[in-house]
Amino acid sequence: MTRIVQSLAEISEPYDALFCDLWGCLHNGVTAYPAAVAALQTFRAKGGRVVLLTNAPRPADFVKERFAKMNIPDDAWDMIVSSGDAAQDAMFAGAVGRKVWHLGPEKDDGFFTHIPAEWEGRANIERVSFEEAEGIVCTGPFHEDTETPEDYRAQFLAAKTRGLKMLCANPDLVVDMGDKRIYCAGALAELYEEMGADAIYCGKPHPPIYDLARRKLSAAFGLPDDSRILTVGDGILTDVAGAAGEGLDCLFVTGGLAAEAFGPDVENPDAGKLEDWLDGQGQSPLYAIGRLR
């Protein structure tokens, strides 16, 4: 049975590192949760390492750019590993060809312009029109405030007919931007697959992002045993499923995407409702908490 806890500090002693989700755990897309920031600062003050493991489709440097505006201080984390980082590796390796069509908003242009050091001189990827493309790189809808996956069905049919593969830079289906829910690249890739086409994923819950996080953590600080890494997240299909697939302990933040399923008090999920819901999802994280604190 999943154990409901009141604070990260209550369970943090056995762990040397956190793989902590961003959106829904540390911030709501607009501003940080002060209690979550404090919890990570406390973990680090005791010698722990915090890897912010996010399905953001942008490279880590671009994710960091928004931290000051959202009141996320530098002393709350050690490094950022994004789905964008892992997907960049796949794109530069030619996973969907060398001429790619970018499906996504302008804010994600850094996915193409910010070339990691290991790919300098070898990143011969060209962004082209849909008609010229050998593959698709999807970072989200063009207009995330107004569009849904169904808006792309006709174009996806044309892409499928041409045999184009899609590289999905963010496996999340939806996120909450303040009080508004918006579709992510994962929802578009899901529709593309439902139509019989091929999609490639590198973010949570898929192995590439965890492999990258372990490599970066190892290079910077040394890699602890998996039993001493705790994952933290609010996505049952991404954070919780990913942790289970990697054999890592998980703290499920119930006050995120699925908050309404666990009773009226977001800070204190109803134990019975939580257990029934987790059974229905086929998941059993070791711990749960209303909000990260």
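- In the annotation of an unreviewed UniProt entry, the protein chain is listed under the name TIGR01459 family HAD-type hydrolase and assigned to Thioclava kandeliae.

**Some remarks on the layout of surface pockets**
Then, number 1: There is about 190 Å³ of room inside the second largest pocket.
Then, number 2: For the second largest pocket, the full set of lining residues is P59, A60, D61, D85, Q88, D89, H114, P116, A117, E118, L212 and K216.
Then, number 3: Broken down by secondary-structure element, the contributors of at least two residues to the lining of the second largest pocket are α2 (60-64), α3 (83-92) and α7 (207-221).
Then, number 4: Looking at which element gives the most residues to the lining of the second largest pocket, the answer is α3, with 3 residues.
Then, number 5: Here the lining of the second largest pocket is composed, by residue class, of 5 nonpolar, 2 polar and 5 charged.

**Re the nonpolar core**
Then, number 1: Counting 39 residues, the largest nonpolar core has F19, M91, V137 and L167 as the members making the most contacts within it.
Then, number 2: Setting aside chain neighbours within four positions, we find L167 in contact with A87, A90, M91, V96, I136, V137, C138, I200 and C202.
Then, number 3: Counting 33 residues, the second-largest nonpolar core is a separate cluster that includes Y15, A36, L40 and L251.

**Describing helix α6 (residues 185-194)**
Then, number 1: Burial runs high along α6: 7 of the 10 residues are buried.
Then, number 2: For α6, the full list of buried residues reads A185, G186, A187, L188, A189, L191 and Y192.
Then, number 3: After α6 finishes, the residue G196 shows a positive phi value of roughly 95°.

**So, the packing of helix α5 (residues 153-161) against α6**
Then, number 1: Packing of α5 against α6 brings their axes to within 10 Å, and their N-to-C directions diverge by 55°. Relative to α6, α5 is oriented oblique. Here α5 runs over α6; the crossing is right-handed. Residues R153, F156, A159 and K160 of α5 pack against L188, L191 and Y192 of α6.

**Re empty space enclosed by the protein**
Then, number 1: According to the stated counting rule, one finds 1 cavity of 30 Å³ or more in the structure shown.
Then, number 2: Of the volumes computed, that of the largest cavity is approximately 40 Å³.
Then, number 3: Around the largest cavity sit F19, C20, D21, L53, K204, Y210, T231, V232 and D239, which together line it.
Then, number 4: Within the residue set of the lining of the largest cavity, elements represented by two or more residues are β2 (17-20) and β12 (229-233).
Then, number 5: A breakdown of the residues in the lining of the largest cavity according to their chemical character gives 5 nonpolar, 1 polar and 3 charged.

**Some points on the side chain of N55**
Then, number 1: Tracing the chain through its elements places N55 in the loop between β3 (49-54) and α2.
Then, number 2: Within the local environment of N55, its side chain forms a polar contact with the backbone nitrogen of K204, the two atoms lying 2.8 Å apart.

**Some thoughts on the sheet that holds strand β14 (residues 287-289)**
Then, number 1: Pairing is parallel in the open sheet, where 7 strands are placed in the order β1-β14-β13-β12-β2-β3-β4. Each edge of the open sheet is held by one strand with a lone partner, namely β1 (3-4) and β4 (79-82).
Then, number 2: Here β2 runs beside β3; their pairing, made up of 4 bridges, is parallel. Residue L18 lies in a different strand from β3, and its bridge partner there is V50.
Then, number 3: Sheet strands touched by α3: β3 and β4. Its angle to β4, the strand with the most contacts, is close to 55°.
Then, number 4: Set on the sheet, α7 makes contact with β2, β3 and β4; between it and β4 the angle comes to about 160°.

**Some remarks on a negative patch on the surface**
Then, number 1: A surface patch of negative charge is lined by E126, E131, E132 and E134.
Then, number 2: Mapping E126 onto the fold places it in strand β6 (residues 126-127).
Then, number 3: In this structure E126 comes out as partly exposed when scored by relative accessible area, which is 44%.

**As for the environment of V50**
Then, number 1: Looking at the secondary structure, you find V50 in strand β3.
Then, number 2: A residue is classified by how much of its surface remains accessible, and V50, at 0% relative accessible area, is buried.
Then, number 3: In the structure, V50 is positioned 153 residues away from G203 in sequence and 18 Å away in space, judged by C-alpha atoms.
Then, number 4: Residues within four places of V50 in sequence aside, it is in contact with L18, L40, F43, R44, A76, W77, D78 and M79.

Basis of the calculations
Residues numbered from 1 in each chain as written. Predicted model: local features only at pLDDT ≥ 70, side-chain atom pairs only at ≥ 80, totals over all residues. Heavy atoms only, no water. 1 Å grid on protein atoms, 1.4 Å probe; cavity = no way out; pocket = protein on both sides within 12 Å on 5 of 7 lines; lining within 4 Å. Points joined across faces, edges and corners; volume = space filled by probe spheres on them. Helix = DSSP H or I, 4+ residues; strand = E, 2+ residues; numbered from the N terminus. Nonpolar A, V, L, I, M, F, W, Y, C, P; charged D, E, K, R; others polar. Core = buried A, V, L, I, M, F, W, Y, C linked by side-chain atoms within 4.5 Å. Buried < 20%, exposed > 50% of the residue type's maximum accessible area, 1.4 Å probe, protein only. Contact = heavy atoms within 4.5 Å. Axes fitted to C-alpha atoms, helices over the stretch in contact; angles between N-to-C directions. Parallel < 35°, antiparallel > 145°, perpendicular 65-115°, else oblique. Left-handed = near helix turned anticlockwise from the far one by under 90°. Polar contact = N/O pair within 3.5 Å; in protein donor to acceptor, adjacent residues only side chain to side chain. Pairing = 2+ DSSP bridges. Patch = residues over 30% accessible without salt bridge, like charges linked within 9 Å, V, L, I, M, F, W, Y side chains within 5 Å. Areas by Shrake-Rupley, 256 points an atom, 1.4 Å probe, with all protein chains shown as cover. Salt bridge = Lys/Arg side-chain N within 4 Å of Asp/Glu carboxyl O. Lys, Arg positive; Asp, Glu negative; His and termini not counted. Charge placed at Lys NZ, Arg CZ, Asp CG, Glu CD.

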